[in-house]
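Chain residues, written in single-letter form:
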2 protein chains.
Amino acid sequence: MKNVCLTIQYDGTNLHGWQRQKDAITVQQLLEDAVLALTQETVHIIGCGRTDAGVHALAYVCNFKTNASIPDESFPAAMNTKLPPAVRVLQAKTVSDDFHAQFDVVRKRYVYKIQTSTIPDVFLSPYTWHYPHKLDIEKMQRAAAHFLGEHNFEGFCASGATVTSFVRTIYDFSVTKDGDVITLSVCGNGFLYNMVRILAGTLVYVGNGKIDADDIPQILESRDRARAGITAPPHGLYMAATEYKE
Amino acid sequence: MKNVCLTIQYDGTNLHGWQRQKDAITVQQLLEDAVLALTQETVHIIGCGRTDAGVHALAYVCNFKTNASIPDESFPAAMNTKLPPAVRVLQAKTVSDDFHAQFDVVRKRYVYKIQTSTIPDVFLSPYTWHYPHKLDIEKMQRAAAHFLGEHNFEGFCASGATVTSFVRTIYDFSVTKDGDVITLSVCGNGFLYNMVRILAGTLVYVGNGKIDADDIPQILESRDRARAGITAPPHGLYMAATEYKE
C-alpha cells in the first residue's frame, strides 16, 4: 500500500467546499468517488484544511492510501477523466507512509482578489469580491505590515471556533493592484476559521478609510471581533499554496 | 418615446444564448424582464445578432424603444440591479429613432480562445476550448491570412442556414499566443451561422497539421463543409465588438 499525495486545483463556484457533506457536492467527495471509479477502492482522502463553499484552490494538497498500481505520472490524467471540469488533479506523488496533508503543513498561503470597477467584469465576478469603491492601496499595504509576526488573532476569527490557541504567525502579506483588481497574498503558519476573509474585510475597511492603518496593533490586542472589518465573501478567496516539513 | 442603445457584457456559461426561448434562460429575456421590472413596460429588445448557448459577449449591442424618463447615464446601474451577475449593462445611449442594432451593423468582431496545456486551468475552462495538443502558431497565422478579403464561405457555414448569399468580407484575422492560451480575433462585415466556430476549428486543424495552411484557398473554393475543420465548441467564443454605420 502506498501513500499518494495529490496537488489539485478547483473552481469553487458550484462546490460546497472541501469536506464531504450530505446533499451537497464537495471536493473531497468528488475525489473519493474518482478514486473509487478508478481503483474500486473506498478511500478516505485527507485534505490540507477545510475550505468554505465558494472558495477556490490554486494548489490544494491532499493524500490517501491506495493499493492501486497506477504510476504517479499517470494518476492526474486518469483521475481527471472521472472528475468534473471544475476540479483538476495537477500532480500525484508517492510520499512516505506517515505523510499527513493536514498535520504536516508548516506554512499556508492564501490569495484574496477584489475588483473595484463600478460595473463588475462578468468574467471576474465569480472569482473576485466586487467592491465598487476607491481603495487606498498604500494604506492597505501599511495595515498589512502590522499583521506580520506572531499575534493573537482571536479578533480575526469567526465565533464558535474550537481551537486551543489563537496565536498564529504571519510571514508575509502583500497588497498589489493590477488595473481594477487588488490582490492580497498572505502566508502564515496557520489560519483560524474565516481569518483570511476577515483580514481581507479589514484591509478593505482600511482602504476606504473606515479603519486607520495604524490602529491595527490596537485592534489585534483588543481581541474583539467587532473592531475588525467585515468577513469578505468566499468567492474572492483562493487556497494558493502549502509548504510541508521535510 | 426614445430609442435606447445598450452595450452589454455576458458570461454565457449558464445562458442559452441571446434569443428568447421557452424553458431556457436567455440574454434577451433577462434584459426584457429587467426593463419590465424597472419601467413597467413590455419592450422588444433588438440584438446585434444571435449567439449560441454557452457563447460569451465582451460588448454586445442591442436597442429598444422606451417611454422611461431614466437618463442614459443612470440606465446601466438601474438595469444591473435587476440582472444576474453574469449579465452587465456597460453603457446606455439614446440614439436616433431609426437605429437598428441588427440591420445597421457594418462590422463585427469575434474572439475565440483556446487553451493548449495538458491539464486545463479550471479558471479558464469555462472560457476557452481545451485542446491539449501542440499547435503551430505560424501555420495558423498563415492560414488566417488566406481568409482575408471577400470570399464565398458556404463551406464554413452550418448546414440548414437560410441566407441569400454566402459571400462575406474578412477585414482582419489575428492569431496570438500568451502562455498556453491562443486567441483568434476576426473582424468581418458579417458571419454565417457557426462560421467563426468553423474558422476556429479549421485553424486548429492547420495548427496540428491535419490541414495545410496553403490549402485554405482551395477549401474555400470547394464550398465543401467536409473539407473545413470541425466546429469548435461554443464556450471559447466571444462576441467582441460591433461597428455601426454613421
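Model, not experiment: these values are computed from the prediction.

So what's going on with the overall build of chain A? Residues and values would help.
When helices and strands are counted, chain A shows five helices and 10 strands. By the compact-globule yardstick of 18 Å for 246 residues, chain A fits well, its C-alpha radius of gyration being 19 Å. With respect to the three principal axes, the spread of C-alpha positions in chain A is 55 × 40 × 30 Å. In chain A, once contacts between residues fewer than 6 apart in sequence are set aside, the share between residues at least 24 apart is 70%. Total accessible area on chain A is roughly 11200 Å²; 49% of this is exposed by carbon and sulfur atoms.

How would you explain the environment of B:Val175 if you had to name every residue and give the values?
Residue and element names in this part refer to chain B. Here Val-175 lies in strand S8 (residues 167-178). In this structure the C-alpha to C-alpha distance between Val-175 and Ala-34, which are 141 residues apart in sequence, comes to 37 Å. Other than its neighbours up to four places away in sequence, Val-175 contacts Ile-137, Met-140, Gln-141, Ala-144, Ile-182, Thr-183, Leu-184 and Leu-203.

Let's hear about the relation of the copies chain A and chain B: which residues, and what values?
Rotating chain A by 180 degrees and moving it 0.0 Å along the rotation axis overlays it on chain B with an RMSD of 0.0 Å. The transformation just described matches what one would write down for a two-fold rotation axis. Relative to the rotation axis, the C-alpha of A:Phe123 is the closest in chain A, positioned 4.9 Å from it. Same-surface contact between copies: 100% of interface residues of chain A are shared with the interface of chain B.

An account of the domain arrangement of chain A is requested, with residue identities and associated values reported.
Residue and element names in this part refer to chain A. We note that the domain assignment places domain 1 (2-95) and domain 2 (107-244) within chain A. Distance between the C-alpha centres of domain 1 and domain 2: 27 Å. Residue-level contacts link 16 residues of domain 1 with 16 residues of domain 2. Taken over both partners, the interface formed by domain 1 and domain 2 buries close to 1200 Å², and the fraction arising from carbon and sulfur atoms is 57%. When the area that domain 1 buries against domain 2 is broken down by residue, the three leading residues are Asp-52, His-56 and Leu-58, summing to 41%. Counting every contact that joins domain 1 to domain 2 gives one salt bridge. A salt bridge links Asp-52 to Arg-197; the nearest nitrogen and oxygen atoms lie 2.8 Å apart. The tally of links from domain 1 across to domain 2 stands at nine residue pairs in polar contact (both at pLDDT 80 or more).

Which residues make up the nonpolar core, and what values do they have?
Note that soluble globular proteins tend to have their nonpolar side chains buried in a common cluster. Residue and element names in this part refer to chain B. The biggest cluster of nonpolar side chains holds 76 residues, and the ones touching the most others in it are Leu-31, Phe-156 and Leu-184. Considering every element that reaches this core, the biggest residue donor is helix H4 (residues 195-207), with nine residues. In this structure Leu-184 touches Tyr-110, Val-111, Tyr-112, Ile-114, Met-140, Phe-173, Ser-174, Val-175, Ala-200 and Leu-203, once residues within four positions along its chain are discounted.

Before we move on, could you go through helix H4 (residues 195-207) of chain A and cite the residues and values that matter?
Residues and elements named next belong to chain A. Helix length check: H4 (13 residues) gives 18 Å between terminal C-alpha atoms against 18 Å at 1.5 Å per residue, within 8%. By the criterion of burial, H4 is predominantly enclosed, with 13 of the 13 residues buried. At the C-terminal side of H4, Gly-209 shows a positive phi close to 95 degrees.

Account for the confidence of the model for chain A, with residues named and values stated.
On average, residues of chain A carry a pLDDT of 95, and 100% of them reach 70 or more. Note on the complex model: pTM 0.91, ipTM 0.87.

I'd like to hear about empty space enclosed by the protein, residue by residue, with values.
Enumeration over the complete set of coordinates arrives at two cavities of 30 Å³ or more. Space inside the largest cavity adds up to approximately 40 Å³. What lines the largest cavity is A:Tyr110, A:Val111, A:Tyr112, A:Phe173, A:Leu184, A:Ser185, A:Val186, A:Val196, A:Leu199 and A:Ala200. Only strand S5 (105-115), strand S9 (181-188) and H4 of chain A provide two or more residues apiece to the lining of the largest cavity. Along the lines of polarity and charge, the residues of the lining of the largest cavity split into nine nonpolar, one polar and no charged. In this structure, the second largest cavity spans a volume of roughly 30 Å³. B:Tyr110, B:Tyr112, B:Phe173, B:Leu184, B:Val186, B:Val196, B:Leu199 and B:Ala200 are the residues that line the second largest cavity. Among the secondary structure elements, those contributing two or more residues to the lining of the second largest cavity are strand S5 (105-115), strand S9 (181-188) and H4 of chain B. Per-element accounting of the lining of the second largest cavity gives the leading share, three residues, to H4(B). Across the lining of the second largest cavity, the residue classes break down as eight nonpolar, no polar and no charged.

The rules behind these values
Residues numbered from 1 in each chain as written. Chains lettered and ligands numbered in written order. Predicted model: local features only at pLDDT ≥ 70, side-chain atom pairs only at ≥ 80, totals over all residues. Heavy atoms only, no water. Helix = DSSP H or I, 4+ residues; strand = E, 2+ residues; numbered from the N terminus. Rg over C-alpha atoms; globule rule 2.2 N^0.38 Å. Contact = heavy atoms within 4.5 Å. Areas by Shrake-Rupley, 256 points an atom, 1.4 Å probe, with all protein chains shown as cover. Least-squares fit on C-alpha atoms with pLDDT ≥ 70 in both. Domains from an automatic or database assignment. Buried area = accessible area lost by both parts, 1.4 Å probe. Salt bridge = Lys/Arg side-chain N within 4 Å of Asp/Glu carboxyl O. Polar contact = N/O pair within 3.5 Å; in protein donor to acceptor, adjacent residues only side chain to side chain. Core = buried A, V, L, I, M, F, W, Y, C linked by side-chain atoms within 4.5 Å. Buried < 20%, exposed > 50% of the residue type's maximum accessible area, 1.4 Å probe, protein only. Expected span 1.5 Å × (residues − 1). pLDDT = per-residue confidence, 0-100. 1 Å grid on protein atoms, 1.4 Å probe; cavity = no way out; pocket = protein on both sides within 12 Å on 5 of 7 lines; lining within 4 Å. Points joined across faces, edges and corners; volume = space filled by probe spheres on them. Nonpolar A, V, L, I, M, F, W, Y, C, P; charged D, E, K, R; others polar.

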